[in-house]
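# An overview of the molecular structure
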Amino acid sequence: QQFAARYPQQKASERLLYAATLSAGRGGRYFECAKWCEMYVAHYPKGKYVFASMVAAAHNYEKTDQFSKALEYYDKAALMEPNSTIGKQCAQTSAMIKKGLITPEQQLEYILQNSKDTAR
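Structure report, in brief. Since the model is a prediction, treat every value here as computed from it, not as a measurement. (Residues numbered from 1 in each chain as written. Predicted model: local features only at pLDDT ≥ 70, side-chain atom pairs only at ≥ 80, totals over all residues. Heavy atoms only, no water.)

## Re the environment of Pro82
With respect to the helices and strands, Pro82 occurs in the loop between α5 (67–80) and α6 (85–98). Residue classification places Pro82 among the partly exposed residues on the basis of a relative accessible area of 44%. Along the sequence, Pro82 and Tyr30 sit 52 residues apart, while their C-alpha atoms lie 25 Å from each other. (Helix = DSSP H or I, 4+ residues; strand = E, 2+ residues; numbered from the N terminus. Buried < 20%, exposed > 50% of the residue type's maximum accessible area, 1.4 Å probe, protein only.)

## Section: the side chain of Gln107
In this structure, Gln107 sits in helix α7 (residues 104–119). The exposure class assigned to Gln107 is buried, which follows from its relative accessible area of 13%. At 3.0 Å, the side chain of Gln107 and the backbone oxygen of Leu101 are in polar contact. (Polar contact = N/O pair within 3.5 Å; in protein donor to acceptor, adjacent residues only side chain to side chain.)

## Some details on the packing of α5 against α6
Closest axis-to-axis distance for the α5/α6 pair is 8 Å, and the angle between their directions is 145°. α6 is crossed by α5, and the crossing has left-handed handedness. Of the residues in α6, those in contact with Phe67, Leu71, Tyr74, Asp75, Ala77 and Ala78 of α5 are Gly87, Cys90, Ala91, Thr93, Ser94, Ile97 and Lys98. (Axes fitted to C-alpha atoms, helices over the stretch in contact; angles between N-to-C directions. Left-handed = near helix turned anticlockwise from the far one by under 90°. Contact = heavy atoms within 4.5 Å.)

## So, the pattern of salt bridges
Oppositely charged side chains may form a pair once their charged atoms are brought near each other. All told, the structure shown has six salt bridges when counted by the stated rule. Asp75 is the salt-bridge partner of Lys98, the closest N and O atoms lying 3.3 Å from each other. Of the two residues, Lys98 sits in helix α6 while Asp75 sits in helix α5, which places them 23 residues apart along the sequence. On the basis of relative accessible area, Lys98 is assigned to the exposed category, the value being 55%. Of the residues examined, Asp75 reaches a relative accessible area of 27% and is grouped as partly exposed. The network of salt bridges with shared partners includes Lys35, Glu38, Lys69, Glu72 and Lys76. (Salt bridge = Lys/Arg side-chain N within 4 Å of Asp/Glu carboxyl O.)

## Observations regarding α6
In a regular helix each residue adds 1.5 Å, so 14 residues correspond to 20 Å; α6 covers 20 Å between its end C-alpha atoms and thus fits that length. For α6, the set of buried residues is Gly87, Cys90, Thr93, Ser94, Met96 and Ile97. Downstream of α6 by one or two residues, Gly100 has phi in the positive range, about 90°. (Expected span 1.5 Å × (residues − 1).)

Take a look at the structure:
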């Protein structure tokens, strides 16, 4: 991550920065992962892993209760790939957070309740 931050134009930096985000996420360093994903998006907006980095930034910001940043990246990811399964999930998660449904339990209850309402 430090090399990529210092030398973003180097050919290997994009891959190294993405690898650092994966390592941070696997290691439970969620805020670091989110910040580094955000750095990836800023430095490589047309990069190979930009969509994955947006989704990971959103998810990891959400895990650290940084909901405004999570919304920013969920919305960007949803706009980037609106017809993909993950893009649709990002839009749905964003909508739930905007409703104040921030825990997985609250979100699941909302989904279950709405599926009952539409099944009637």
